[in-house]
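# Observations on the three-dimensional arrangement
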Amino acid sequence: MKTAPVPMSEASLILETRGLTKEFKGFTAVDGVDLQVRRGHIHALIGPNGAGKTTCFNLLTKFLTPTRGSIVFNGTDITGEKPAEIARRGVIRSFQISAVFPHLTVLENVRIGLQRFTGTSFHFWKGLTGLQQLDAKVLALLELVDLREMAHLKAGDLPYGRKRALEIATTMAMEPTLMLLDEPTQGMGHEDVERVTTLIKRVAEGRTVLMVEHNMKVVSRIADRITVLARGAVLAEGDYAEVSKHPAVLEAYMGSEAAELQGAH
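Just so you know, these numbers come straight off a predicted model, no measurement behind them. (Residues numbered from 1 in each chain as written. Predicted model: local features only at pLDDT ≥ 70, side-chain atom pairs only at ≥ 80, totals over all residues. Heavy atoms only, no water.)

Here the focus is the overall build of the chain. Helix and strand content of the chain: 11 helices and 10 strands. Here the chain holds 265 residues, and 52% of them are scored as buried. Expressed as a percentage of contacts within the chain between residues at least 6 apart in sequence, the contacts between residues at least 24 apart total 66%. For the chain, the exposed surface amounts to about 12500 Å²; the carbon and sulfur share of it is 53%. (Helix = DSSP H or I, 4+ residues; strand = E, 2+ residues; numbered from the N terminus. Buried < 20%, exposed > 50% of the residue type's maximum accessible area, 1.4 Å probe, protein only. Contact = heavy atoms within 4.5 Å. Areas by Shrake-Rupley, 256 points an atom, 1.4 Å probe, with all protein chains shown as cover.)

Sheet architecture is open: 4 strands sit in the order β2-β1-β4-β5, paired in antiparallel fashion. If you trace the sheet from one side to the other, it starts and ends with β2 (27–38) and β5 (76–77), each paired once. (Pairing = 2+ DSSP bridges.)

It is at 9 Å that the axes of helix α5 (residues 135–144) and helix α6 (residues 160–173) come closest, and there the two elements cross at 135°. The angle between α5 and α6 places the two elements in the oblique class. For the crossing formed where α5 meets α6, the hand is right-handed. Together, Leu 141, Leu 142 and Leu 144 of α5 and Leu 166, Ala 169, Met 172 and Ala 173 of α6 make up the contact between the two elements. Looking at the contact of α5 with α6, its residues break down into 7 nonpolar, no polar and no charged. (Axes fitted to C-alpha atoms, helices over the stretch in contact; angles between N-to-C directions. Parallel < 35°, antiparallel > 145°, perpendicular 65-115°, else oblique. Left-handed = near helix turned anticlockwise from the far one by under 90°. Nonpolar A, V, L, I, M, F, W, Y, C, P; charged D, E, K, R; others polar.)

This part covers the environment of Pro 102. Locating Pro 102 in the fold gives a position in the loop between β6 (91–93) and α3 (106–114). Note on Pro 102: relative accessible area 38%, which makes it partly exposed. When the C-alpha atoms of Pro 102 and Ala 155 are compared, they prove to be 4.7 Å apart, with 53 residues separating the residues in sequence. Setting aside chain neighbours within four positions, we find Pro 102 in contact with Lys 154, Ala 155 and Gly 156.

Let us look at the packing of aromatic side chains. As enumerated under the stated definition, the model contains 0 aromatic pairs in all. For the cation-ring pair, Lys 22 lies above Phe 24, with the distance from its terminal atom to the ring centre recorded as 5.3 Å. (Phe/Tyr/Trp six-rings, centres within 6.5 Å; stacked < 30°, edge-to-face > 60°. Lys NZ or Arg CZ within 6 Å of the ring centre and 35° of its normal.)

Turning next to α3. Here α3 lies mainly inside the structure; 7 of its 9 residues are buried. Listed in full, the buried residues belonging to α3 are Val 106, Leu 107, Asn 109, Val 110, Arg 111, Gly 113 and Leu 114.

Quick look at the sheet that holds strand β9 (residues 225–230) now. Ordered in space as β6-β7-β8-β3-β9-β10, the 6 strands form an open sheet in which the pairing is mixed. Only two strands of the sheet have a single partner each, and these edge strands are β6 and β10 (233–238). Adjacent strand axes in the sheet meet at a mean angle of 20° when their direction is disregarded. Two strands pair when backbone bridges link them, and β9 and β10 are joined in this way by 5 bridges, in the antiparallel orientation. Looking at the pairing, Ile 226 lines up with Gly 238 of β10.

Core analysis: the biggest nonpolar cluster contains 48 residues, and Leu 142, Ile 168, Met 211, Ile 226 and Val 228 have the highest contact counts within it. No other element matches the 6 residues that α6 contributes to this core. Contact partners of Val 228, with chain neighbours within four places excluded, come to Ile 46, Ala 233, Val 234, Leu 235, Ala 236, Val 243, Val 249 and Tyr 253. Counting residues in each nonpolar core, the second largest holds 24 residues, with Leu 35, Val 37, Cys 56 and Val 234 among its members. (Core = buried A, V, L, I, M, F, W, Y, C linked by side-chain atoms within 4.5 Å.)

For the structure shown, the criterion picks out 13 salt bridges. Residues joined in a network through salt bridges with shared partners are Glu 191, Asp 192 and Arg 195. (Salt bridge = Lys/Arg side-chain N within 4 Å of Asp/Glu carboxyl O.)

It is worth spelling out unusual backbone geometry at this point. At Lys 25, a position not held by glycine, the phi torsion is positive, near 45°. Looking at where Lys 25 falls in the secondary structure, it is placed in the loop between β1 (13–24) and β2. In this structure Lys 25 comes out as exposed when scored by relative accessible area, which is 92%. Even without being a glycine, Asn 74 presents a positive backbone phi close to 50°.

This part takes up the confidence of the model for the chain. Overall, the prediction assigns the chain a mean pLDDT of 85, with 83% of residues at 70 or greater. Per-element confidence in the chain is highest for strand β4 (residues 68–73), whose mean pLDDT is 97, and lowest for helix α4 (residues 129–132), whose mean pLDDT is 61. (pLDDT = per-residue confidence, 0-100.)

Rendered as structure tokens:
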């Protein structure tokens, strides 16, 4: 049973998909998805393995082209735009600007994200004086993600959980209008999960976040609204209390995953 999306005014929506579909040689990975992301919310996209969550993210950022359907961002149809155009609109996905420079310091990684606004994005051969003027803003971002004390460490030397925090800081440096976080706590121990969950809640204040996340405790703590996908289609939508008790959702998850869904609180 598919739960109809709650009607929202256009002004309250930052992102909407209408009948979003992706087919691969006869296999439908995303099947007529109608998604509505409200401005200022943390919106979680969840579902069992193979539900189509990552494919949906790839469609939103145009790493894949939809077979059918449309994507509307801030009232503008962006379905035909290229990935770089989508990013310039402020739709930033965490892995796109991940800390891929392990031999640079934490500070230098975030500074590269900020260069987008200085006109020096590709001027790596120029003197550092202009870039160093950005450092106050970089340090403020690192303070936000609890990395200020690690600013001069090599990014490659950070523990895994702190690398994910650095990813988020670099995402923030791009001044996203909509942050897409793909499995932000994947592979983390309990302590790192707690830290990154708190961090996401903190950086989301006054911003909009769309996240794919498997950890139901994380989703229950920070998501304002949840869309559940199964076999590429929307199975249910609502807040955590609604979707965690939805019979079709429990059936889709089954077994231990369903128990985790109900027991996350």
